Amino acid sequence: MSSLAGREGPRYKHLADDSAPYETISVDKLTPIIGAEISGVDIGKLMSDESRANRQMDEIHRALAENLVIFFRDQRITPEQHLAFGRRFGELHIHPAAPHEGDDPALMRIYADQNSPRANGEGWHSDVSCDLEPPMGSILHIRQCPPHGGDTLFASMYAAYEALSERMKTYLDGLAAFHDGESVYRGLYANYGVADRPAYPSAEHPVVRTHPVTGRKALYVNRGFTRHIIGIPRDESDAILSYLYQHAENPLFQCRFRWTENAIAFWDNRCTQHRAMWDYWPHTRAGTRVTIKGERPV
Ligand code: SIN
């Protein structure tokens, strides 16, 4: 596993630098690498107050770009406000398999209780990376928390990429990988009575992508959806992917969010992976996710 500090000093100095102050929100970093808690925002009010909204929305956008995942506490928003908040960042993505709450298919249900065979997002992944145009970001609102546990872990794929050796970066340059939805989604939501579709998406994406907003490079393979690297022997692909997954899971690249009721996490799928902990059985954890459409990775 690569170390982050060598003789030349830590490789992440630039990420820890203080940037210009925010004017309409407060940003409290969880780690120098990833994650920040945002305060001074009432998302429900923000959706009904256009004058304040534009300046705060710009700063929320900036906080997301700088911190990769941002968190808001005590947001008693309605499903409509949740959907409206997502739409401020772009058109909403409809999940190819998961059940939704209410009438709007863009309001994905996140739910596990004592009768659940599994919970959402238990392995490291970037949301729906099997789509040709995978989601840019996801906004999760948790309304009901278990007494303990149910945290979500987030990892920076910028940090994972930057910590690779120069030789490995050169090797990965120009490679693409196959991401598969079929093997993930078929039968996955049968316990909610969801009937399978005839087919689920799959796509080829670059192993390293460039973020369209920050211009930074991020590792873009994940255990959840990536099946093989294209154009190299399968055993070589298995070995390289296995190394990259282990490397990307270095705790130095991560933050861990402890949920409270009515907290929101907003993560950028283009430069992060996340993993939800299902350590709270037989308790219930419930909420909804709104996902924003993204572009084809380059
Ligand atoms: C997910 O969207 O992958 C689930 C995340 C969570 O429940 O914390």
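Every chain's residues receive numbers from 1 upward, in the order its sequence appears when written. Per-residue local features are limited, in this predicted model, to residues with pLDDT of at least 70; the limit for side-chain atom pairs, both in listing and counting, is 80 or more; totals at the level of whole chains, interfaces and linings are taken over all residues. With hydrogens and water stripped out, all remaining heavy atoms of the structure feed into the side-chain values.

A. Region of interest: the nonpolar core. Definition of nonpolar core: a set of buried residues of the types Ala, Val, Leu, Ile, Met, Phe, Trp, Tyr and Cys, connected through side-chain atoms within 4.5 Å. Remark: exposure states derive from per-residue accessible area (1.4 Å probe, protein chains only) relative to the maximum for the residue type, with buried under 20%, exposed over 50%, and partly exposed in between. Of all hydrophobic cores here, the largest spans 53 residues; its most connected members are Phe154, Leu172, Val207 and Leu219. Residues are treated as being in contact if the distance between any of their heavy atoms lies within 4.5 Å. The residues touching leucine 172, leaving out its near neighbours within four places in the chain, are Leu164, Val207, Val208, Leu219, Ile240 and Leu244.

B. Representation of the confidence of the model for the protein chain in the model. Of the residues in the protein chain, 93% reach a pLDDT of 70 or more, and the chain-wide mean stands at 92. Known as pLDDT, the predictor's per-residue confidence is scaled from 0 to 100. Contacts from residues 1–17, a stretch scored under 50 in pLDDT, to residues over four places away or in other chains number 33 contacts.

C. Expanded view of the sheet that holds strand β10 (residues 202–206). Pairing is antiparallel in the open sheet, where three strands are placed in the order β10-β9-β13. Strand pairing shows two members of the sheet lacking a second neighbour, β10 and β13 (226–229), which therefore form its edges. Going from strand to strand, the sheet's axes swing by 25° on average, the running direction of each strand aside. Should DSSP find at least two bridges between two strands, the strands are regarded as paired. Per the convention used, a helix needs a DSSP run of H or I reaching at least four residues, while a strand needs a run of E reaching at least two, with both numbered from the N terminus. By the bridge criterion, three bridges tie strand β9 (residues 176–180) to β13 in an arrangement that is antiparallel. Along β13, the bridge assignment pairs histidine 179 with threonine 226. To obtain each axis, a line is fitted to C-alpha atoms, and for helices this fit is confined to the stretch in contact; angles are then taken between N-to-C directions over 0 to 180 degrees.

D. Just the site of the ligand, in detail. Residues are classed as near a molecule or strand on a simple rule: at least one heavy atom within 4 Å of it. If you check the shell around the ligand, you find Ile110, Asn120, Gly121, His125, Asp127, Leu140, Thr152, Trp267, His274, Ala276, Arg285 and Arg289 and nothing else. Here threonine 152 contributes a side-chain N or O atom positioned 2.6 Å from an oxygen atom of the ligand. Surface accessibility follows the Shrake-Rupley procedure with a 1.4 Å probe radius. Residue values consider only the protein chains on display as shielding. For the ligand, the protein covers 99% of the area, taking 260 Å² as the surface of the free molecule. Among the secondary structure elements, those contributing two or more residues to the shell around the ligand are β16 (272–276) and β17 (285–292). N or O atoms closer than or at 3.5 Å make up a polar contact, with two conditions inside protein: a donor-capable atom paired with an acceptor-capable one, and, for residues adjacent in sequence, both atoms drawn from side chains.

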